[in-house]
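Here are the chains, one letter per residue:
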Amino acid sequence: MKFSLIKLLSRIHRKLLQFSRGRIGYQLGKVRILLLTTTGRKTGQKRSVPLAAISYGSDFIVVASFGGHPKNPSWFVNLKHNPSVTIQVGNSIQKADTWIVEATDKRYESFWALALNTYNGFATYRRKALRDIPLVIIRPHYPNNYP
C-alpha cells in the first residue's frame, strides 16, 4: 500500500511540475527537485518522474531508492536500457546523459554522503530496501558545450 501512495504522490508532483512549467514543486524544503524523463524500455514512450536532485558540480546525482522498495524503480530500469534522458530543473529543460554508480564503485560512499547531506531519509530507505541502492549521475547537455 505504501508504494502505491508513493506512486500516486509522484504522479501528482509530476503533473504540478509540468503544468506550472517548473515554477511550482521544484523545491521541497531544502531539497531541489528535478523531473527526469526516460524512454520506456518496452513501450518506447516517454516516462517522467520527480526526484531529489543532489548537486554535484554542474551535474546531478539521483538515488534509485523507490522509498526503500525491494526492487529498483522503473525509471532506473529504463535508463539502464537507454542512458539518454531529458531533465527539467525549474523551468529549464535539457537533454542529459547518465552513468550508474553501483555500491561496488569506489566513489559510491562519497556520492552517498552527498545524498544523505541533501536528504537524510535516504538512510532509512537503504535499511528497508534489502538491496544495494544504485545512484545515477546526470550530466546535462548545456548549450554552451556545443558549437
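Caption draft 1: Structural detail: the pairing of strand S8 (residues 135–140). With 5 of 6 residues buried, S8 is to be regarded as a mostly interior element. As judged from the 4 bridges shared by strand S5 (residues 59–63) and S8, these two strands associate in the antiparallel manner. Following the sheet pairing, Val63 is matched in S8 by Leu135. Looking at chain direction, strand S7 (residues 92–101) and S8 are connected through 6 bridges and run antiparallel. Bridge assignment links Val101 to a residue of S8, and that residue is Leu135.

Caption draft 2: The arrangement of helix H4 (residues 121–129) in detail. Along H4, the residues classified as buried are Gly121, Phe122, Tyr125 and Ala129. When H4 is viewed along its axis, its buried side chains cluster within an angular range of 100 degrees and face the same direction. Close packing links the buried residues of H4 with strand S3 (46–52), strand S4 (54–56), S5 and helix H3 (108–118). Looking one or two residues past H4, Leu130 carries a phi angle of roughly 60 degrees, positive in sign.

Caption draft 3: Spatial organisation of the side chain of Thr37. Relative to the elements of secondary structure, Thr37 occurs in strand S2 (residues 31–39). By relative accessible area, Thr37 is classed as buried at 15%. There is a polar contact of 2.6 Å between the side chain of Thr37 and the side chain of Ser48. Leave out the neighbours within four places in its chain, and Thr37 touches Lys46, Arg47, Ser48, Val85 and Thr86.

Caption draft 4: Region of the structure containing the packing of aromatic side chains. As enumerated under the stated definition, the model contains 7 aromatic pairs in all. Relative to Phe122, the ring of Trp112 has its centre 6.3 Å away and its plane inclined at 55 degrees; by these criteria the two rings are tilted. Of the two residues, Trp112 is situated in helix H3 and Phe122 in helix H4; the sequence distance between them amounts to 10 residues. For Phe122, a relative accessible area of 6% corresponds to the buried category. The interplanar angle of 70 degrees and the centroid separation of 6.1 Å between the aromatic rings of Phe122 and Tyr125 together place this pair among those described as edge-to-face. Of this pair, Phe122 and Tyr125 both sit in helix H4, 3 residues apart, which is roughly one turn of the helix. Among the aromatic residues, ring-to-ring pairing joins Tyr108, Trp112, Tyr119, Phe122 and Tyr125 into one connected group. When the ring centre of Trp112 is taken as reference, the NZ or CZ atom of Arg126 above it lies at 4.5 Å.

Caption draft 5: Region of the structure containing the packing of H3 against H4. Following both chains from N to C, one finds H3 and H4 inclined at 125 degrees, their axes separated by 8 Å at the closest point. Taken together, the axis directions place H3 and H4 in an arrangement best described as oblique. Each of Tyr108, Glu109, Trp112, Ala115 and Leu116 in H3 lies in contact with H4, whose residues at this interface are Phe122, Ala123 and Arg126. Here the residues of the contact of H3 with H4 sort into 6 nonpolar, no polar and 2 charged.

Cut-offs applied
- Residues numbered from 1 in each chain as written.
- Predicted model: local features only at pLDDT ≥ 70, side-chain atom pairs only at ≥ 80, totals over all residues.
- Heavy atoms only, no water.
- Buried < 20%, exposed > 50% of the residue type's maximum accessible area, 1.4 Å probe, protein only.
- Helix = DSSP H or I, 4+ residues; strand = E, 2+ residues; numbered from the N terminus.
- Pairing = 2+ DSSP bridges.
- Arc of directions from axis to C-beta.
- Contact = heavy atoms within 4.5 Å.
- Polar contact = N/O pair within 3.5 Å; in protein donor to acceptor, adjacent residues only side chain to side chain.
- Phe/Tyr/Trp six-rings, centres within 6.5 Å; stacked < 30°, edge-to-face > 60°.
- Lys NZ or Arg CZ within 6 Å of the ring centre and 35° of its normal.
- Axes fitted to C-alpha atoms, helices over the stretch in contact; angles between N-to-C directions.
- Parallel < 35°, antiparallel > 145°, perpendicular 65-115°, else oblique.
- Nonpolar A, V, L, I, M, F, W, Y, C, P; charged D, E, K, R; others polar.

Take it as geometry only, folks, not as evidence of what the structure does.
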